[in-house]
Amino acid sequence: MSKIAIRFDDITEDMDWNKFRRMESLLERYQVKPLLGLVPENHDPNLQKGGAHPDFSSQLQVWQKRGYSFAVHGMNHIYTTKAAGLFPLNAFSEFAGVSYEKQKEMLQTGKRLMEEKGIVTDIFMAPGHSFDKNTLKALKEVGFRYVTDGFGTVPYMRSGLTFLPIAFRKGKDVARKDGYTTVVFHTNSMTETDFVVAEKMFESHASDFISYAEYLQVVPVGRSIFGNWKEYGMATVKRLLVKGKSILHEG
């Protein structure tokens, strides 16, 4: 079976802690060691779901001791452009379409704020999955080595960075007979049905999960320009399908 890594986006001091604690209990029950995408300085009101954690830095240390990994999830999680970037799952971005100098400054600041909380990482998680060539150039310059995004069955190299692919179709990708994938969760917006589905996945694939630390040890393959074009097309198709489904529901 394929090996499955788990990532959580939108981890902030003021997230919906009740929902995350519920998911955390599943992680502990099935001994899953995920990647947590921390927003260094959250300004997004959509992620502000409650009161701030009384000692967030200590909580980060608890997770770190359990073997959880961490990524810098943007800077403020505010979408300032309509650029889709190189991985166009969404037509908005905090990074794509922003100047190289500004992106580099944001990444440096985000990394520093994380380190002040005791978290040192070289993994980047783009808000909205959107980034451009300037993002990749700035990431390398600031000292990042990994990007949790892209489509594929194994980690791959692009612009001197290792990309760790996420699932294109969750059910299909976790059921593959080989390869690797990352399943993405946003606990703030999870429904009761989402939790039921998540628990079934954890139970059904209990022996297939790998920690993100293990995932980082997988040797990446090369990626041709044709592979990049294919990925761009897949991301565009997925965005249009999701948009179409949303319009149907609204109608």
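Each value, and the rule that gives it
Residues numbered from 1 in each chain as written. Predicted model: local features only at pLDDT ≥ 70, side-chain atom pairs only at ≥ 80, totals over all residues. Heavy atoms only, no water. Helix = DSSP H or I, 4+ residues; strand = E, 2+ residues; numbered from the N terminus. Contact = heavy atoms within 4.5 Å. Buried < 20%, exposed > 50% of the residue type's maximum accessible area, 1.4 Å probe, protein only. Pairing = 2+ DSSP bridges. Right-handed = clockwise from strand over helix to strand, strands pointing away. Salt bridge = Lys/Arg side-chain N within 4 Å of Asp/Glu carboxyl O.

Considerations on the side chain of threonine 121
Phase 1: Looking at the element boundaries, threonine 121 is found in the loop between α3 (100-116) and β4 (123-124).
Phase 2: Those residues in contact with threonine 121 that sit more than four places away from it in its chain are Phe70, Ala71, Val72, Lys111, Met114 and Phe144.

Notes on the pairing of strand β1 (residues 3-11)
Phase 1: The buried count for β1 comes to eight of nine residues, which makes it a mostly enclosed element.
Phase 2: Alignment of β1 against strand β8 (residues 180-185), held across six bridges, turns out to be parallel. Bridge pairing links phenylalanine 8 to phenylalanine 185 in β8.
Phase 3: Looking at chain direction, β1 and strand β2 (residues 35-38) are connected through three bridges and run parallel. Bridged to isoleucine 11 within β2 is leucine 38.
Phase 4: Running through helix α1 (residues 17-29), the crossover from β1 to the neighbouring parallel element β2 is right-handed.

Some details on the pattern of salt bridges
Phase 1: Overall, the coordinates contain 13 salt bridges when judged by the stated rule.
Phase 2: For glutamate 192, the salt bridge identified is with arginine 22, shortest N-O distance 2.9 Å. Of this pair, glutamate 192 sits in helix α6 (residues 192-204) while arginine 22 sits in helix α1, and the two are 170 residues apart along the sequence.
Phase 3: Of the residues examined, glutamate 192 reaches a relative accessible area of 49% and is grouped as partly exposed.
Phase 4: For arginine 22, a relative accessible area of 37% translates into the label partly exposed.

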